[in-house]
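Per-entry structural report
Chain by chain, the residues run as shown.
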Protein chains: 2
Amino acid sequence: MKVVIIGAGNVANHLGLQLSYIKSVSIVQIMSKTVLSAKLLADKIDCCYSNNLNELKEADLYLLCVGDDKIKEIANHKKLAKRTLVHTSGSTSIEVLQSNTDNYGVIYPLQTFNKDRDINFSSIPIFIEASSKEVLKKLKFLAANISTNIYEIKSKQRLILHIAAVFANNFTNHLFHITNEILSEENIKFDVLLPLLQQTFENAKTNSPQKNQTGPAVRNDIKTIEKHISILGQSNPEYAEIYNVLTKSIQKQKT
Amino acid sequence: MKVVIIGAGNVANHLGLQLSYIKSVSIVQIMSKTVLSAKLLADKIDCCYSNNLNELKEADLYLLCVGDDKIKEIANHKKLAKRTLVHTSGSTSIEVLQSNTDNYGVIYPLQTFNKDRDINFSSIPIFIEASSKEVLKKLKFLAANISTNIYEIKSKQRLILHIAAVFANNFTNHLFHITNEILSEENIKFDVLLPLLQQTFENAKTNSPQKNQTGPAVRNDIKTIEKHISILGQSNPEYAEIYNVLTKSIQKQKT
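Anyway, here's the lowdown on the structure attached to this text. The structure displayed is predicted, hence computed values, not measured ones. (Residues numbered from 1 in each chain as written. Chains lettered and ligands numbered in written order. Predicted model: local features only at pLDDT ≥ 70, side-chain atom pairs only at ≥ 80, totals over all residues. Heavy atoms only, no water.)

A separate point is helix H6 (residues 194-206) of chain B. Given a rise of 1.5 Å per residue, 13 residues ought to cover 18 Å, and the 19 Å separating the end C-alpha atoms of H6 of chain B matches this to within 8%. If you check which residues of H6 of chain B are buried, you get Leu 194, Pro 195, Leu 196, Leu 197, Gln 199, Thr 200, Phe 201, Asn 203 and Ala 204 of chain B. Structurally, H6 of chain B contributes buried residues whose contacts are with strand E7 (125-130), helix H5 (155-184) and helix H6 (194-206) of chain A together with helix H5 (155-185) and helix H7 (209-212) of chain B. (Helix = DSSP H or I, 4+ residues; strand = E, 2+ residues; numbered from the N terminus. Expected span 1.5 Å × (residues − 1). Buried < 20%, exposed > 50% of the residue type's maximum accessible area, 1.4 Å probe, protein only. Contact = heavy atoms within 4.5 Å.)

Structure below.
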């Protein structure tokens, strides 16, 4: 199966590299408006690259790993008419691909990707959706060769999964950032929290998050909550607001 | 060293049990207003229990594992005059113990405790503070026998640590709860997010949280952000507000 990858960002780098390891798959081209990014990924995979959509090579599948707002525009390019088009976006409906072809689909790996960090793909859940049995077969083949967790879902569910992932990763990571900022003002290293983070993660694996909750909010310890908000408010009112909003939400959940 | 434990909640259960394993320490009594909780912990440790402060036994150290708002009242009880008093609270100043004795201190284990879940204490950071060298020596001895991570810090820093722990554990756990709620509406199991949570935690160990950030907020992907807030707003305006507040905070951090 010949595949062209459009895009050369975090997802293109990780997913593209994984696909290139499949024996019967040949990545024939990396297409990216940023020619340097295209070259860097093409060098890793040992294939061609270009930054001009008019130079698109022939392929059995075109994998669009581009920003959500670029998918439709690229899918409608004349060179992609009647091709098999697949995007990788959590929050974009499959229908965005339908105006230029009958063969389209989605392959969405649920993970946080960073170009500079290796990822073990084998346990990453991969969500697929397709316009036809033929496309579904191709996507199942690709997904099954890079992971053991494959799910067929609709666009609405994929959107919910993406929202859930924003809470579970982006927002969680931002809480870690805030923690880091608060501690660094007192010259305390973030590392001191790692055993707590480890336990937080272990708890999530073995119990419902609601049952795992501890701390001043769920205890309704008003004096401690007020003390914390007052301290945060002195140096960082934004963090005090976040503290307040999340505390109220925990207390609401309790009742 | 004879120790009386006042309180029989999550911290008393975990810290009390750990201290009871130290050869030269003898837990002589569990004191709790809830006599059943006192009995349950006393049975685990094999010691006396009571719910009446007037029945307090003689000891070298009285460990107050009670709610923050109860510490001062208990410390001022006539039976505790001139005793060595130690509390275990993150957000309570050491000075709350000073009116009834000259010998007082704090031993604060930074972890989320649940009575029903075993904890490996050996890597938990323990923060100590004392009114005198004698008390400090006692606390160092106790801490060194249950963990390898011991830090001597002041009350102000401990308060900041507690605030950081609220963000890193309580709020993170609440984000997991929200995630769980969102997914269950679509009959998707929380387990599907575990590889993402694992990576989120791995990233926190090896890089600064700011560098780890991905997703629509840091990409300034306005259309996706609006789509997410709109979907959340339909079924749960509270979650939409949390999404909005955290997204704005991530975007502010970027600039």
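With that settled, the discussion passes to empty space enclosed by the protein. With a probe scaled to a water molecule rolled over the atoms, the places where space remains empty come into view. Considering all chains together, one arrives at one cavity of 30 Å³ or more under this definition. One number sums up the size of the largest cavity: a volume of about 80 Å³. Lining the largest cavity, in full, are Thr 172, Phe 176, Leu 197, Thr 200 and Phe 201 of chain A together with Ala 168, Thr 172, Phe 176, Leu 197, Thr 200 and Phe 201 of chain B. Class assignment for the residues of the lining of the largest cavity results in seven nonpolar, four polar and no charged. (1 Å grid on protein atoms, 1.4 Å probe; cavity = no way out; pocket = protein on both sides within 12 Å on 5 of 7 lines; lining within 4 Å. Points joined across faces, edges and corners; volume = space filled by probe spheres on them. Nonpolar A, V, L, I, M, F, W, Y, C, P; charged D, E, K, R; others polar.)

Time to look at the pattern of salt bridges. Tallied over the entire structure, the rule returns 18 salt bridges over all chains. Between Glu 186 of chain B and Lys 156 of chain A there is a salt bridge, with its nearest N and O atoms 3.3 Å apart. Placement of the pair is Glu 186 of chain B in the loop between H5 and H6 and Lys 156 of chain A in helix H5, with the two residues belonging to separate chains. For Lys 156 of chain A, a relative accessible area of 43% gives the class partly exposed. (Salt bridge = Lys/Arg side-chain N within 4 Å of Asp/Glu carboxyl O.)

Superposing chain A onto chain B takes a rotation of 180° combined with a translation of 0.0 Å along the rotation axis, leaving an RMSD of 0.0 Å. The operation mapping one copy onto its partner corresponds to a two-fold rotation axis. Taking C-alpha positions as the reference, the residue of chain A nearest the rotation axis is Thr 172 of chain A, at 2.8 Å. (Least-squares fit on C-alpha atoms with pLDDT ≥ 70 in both.)

Residues and elements named next belong to chain A. On the surface, Val 35, Leu 36, Leu 40 and Tyr 49 cluster together into a nonpolar patch covering about 370 Å² of accessible area. Looking at the nonpolar patch, the element that brings in the most residues is helix H2 (residues 35-45), giving three residues. Following the sequence through the fold, Leu 36 ends up in helix H2. (Patch = residues over 30% accessible without salt bridge, like charges linked within 9 Å, V, L, I, M, F, W, Y side chains within 5 Å. Areas by Shrake-Rupley, 256 points an atom, 1.4 Å probe, with all protein chains shown as cover.)

Within the structure shown, the criterion is met by 15 aromatic pairs over all chains. Each ring, one from Phe 201 of chain A and one from Phe 201 of chain B, has its centre 6.0 Å from the other, and the planes form 15°; the classification is stacked. You can see Phe 201 of chain A sitting in helix H6 and its partner Phe 201 of chain B sitting in helix H6, one on each of two chains. Accessibility expressed as a relative area gives 5% for Phe 201 of chain A, which makes it buried. Taking the centre distance of 6.4 Å and the plane angle of 35° together, the rings of Tyr 108 of chain B and Phe 127 of chain B count as tilted. One end of the pair, Tyr 108 of chain B, is in strand E6 (residues 104-109); the other, Phe 127 of chain B, is in strand E7 (residues 125-130), with 19 residues separating them in the sequence. Judged on exposure class, the residue Tyr 108 of chain B and its partner Phe 127 of chain B are both buried. Following the ring pairs from residue to residue traces out a cluster consisting of Tyr 108, Phe 127 and Tyr 151 of chain A. (Phe/Tyr/Trp six-rings, centres within 6.5 Å; stacked < 30°, edge-to-face > 60°.)

Okay, the pairing of E7 of chain B next. All names here are of chain B. Along E7, five of the six residues are buried, which leaves the element largely enclosed by surrounding structure. As judged from the five bridges shared by E6 and E7, these two strands associate in the antiparallel manner. Bridge assignment links Tyr 108 to a residue of E7, and that residue is Phe 127. Of the strand pairs in this sheet, E7 and strand E8 (residues 149-152) are connected by four bridges, and their pairing is parallel. Bridging across to E8, Ile 126 finds its partner in Ile 150. Assessed by its sense of winding, the connection that carries the chain from E7 through helix H4 (residues 133-144) to E8 is right-handed. (Pairing = 2+ DSSP bridges. Right-handed = clockwise from strand over helix to strand, strands pointing away.)

Before going further, it helps to spend a moment on the side chain of Thr 224 of chain B. Relative to the elements of secondary structure, Thr 224 of chain B occurs in helix H9 (residues 222-235). Here Thr 224 of chain B falls in the buried class, since its relative accessible area comes to 2%. The residues touching Thr 224 of chain B, leaving out its near neighbours within four places in the chain, are Asp 68, Ser 91 and His 162 of chain A together with Pro 216 of chain B.

We now examine the sheet that holds strand E2 (residues 26-31) of chain A. All names here are of chain A. With mixed pairing, eight strands are arranged side by side in an open sheet as E3-E2-E1-E4-E5-E6-E7-E8. Bordering the open sheet on either side are strand E3 (48-50) and strand E8 (149-152), each of which pairs with just one other strand. Ignoring strand direction, the axes of neighbouring strands in this sheet form an average angle of 25°. Most of the contacts of helix H1 (residues 10-20) go to E2, to which it runs at about 160°, and overall it touches strand E1 (2-6), E2, strand E4 (61-64) and strand E6 (104-109). Most of the contacts of H2 go to E3, to which it runs at about 170°, and overall it touches E2 and E3. (Axes fitted to C-alpha atoms, helices over the stretch in contact; angles between N-to-C directions.)

Residues and elements named next belong to chain B. Spatially, eight strands are ordered E3-E2-E1-E4-E5-E6-E7-E8 in an open sheet, and the strand pairing comes out mixed. The sheet is open, and its two edges are formed by strand E3 (48-50) and E8, each paired on a single side. Shown here is a sheet whose adjacent strand axes are inclined to one another by a mean of 25°, direction ignored. Set on the sheet, helix H2 (residues 35-45) makes contact with strand E2 (26-31) and E3; between it and E3 the angle comes to about 170°.

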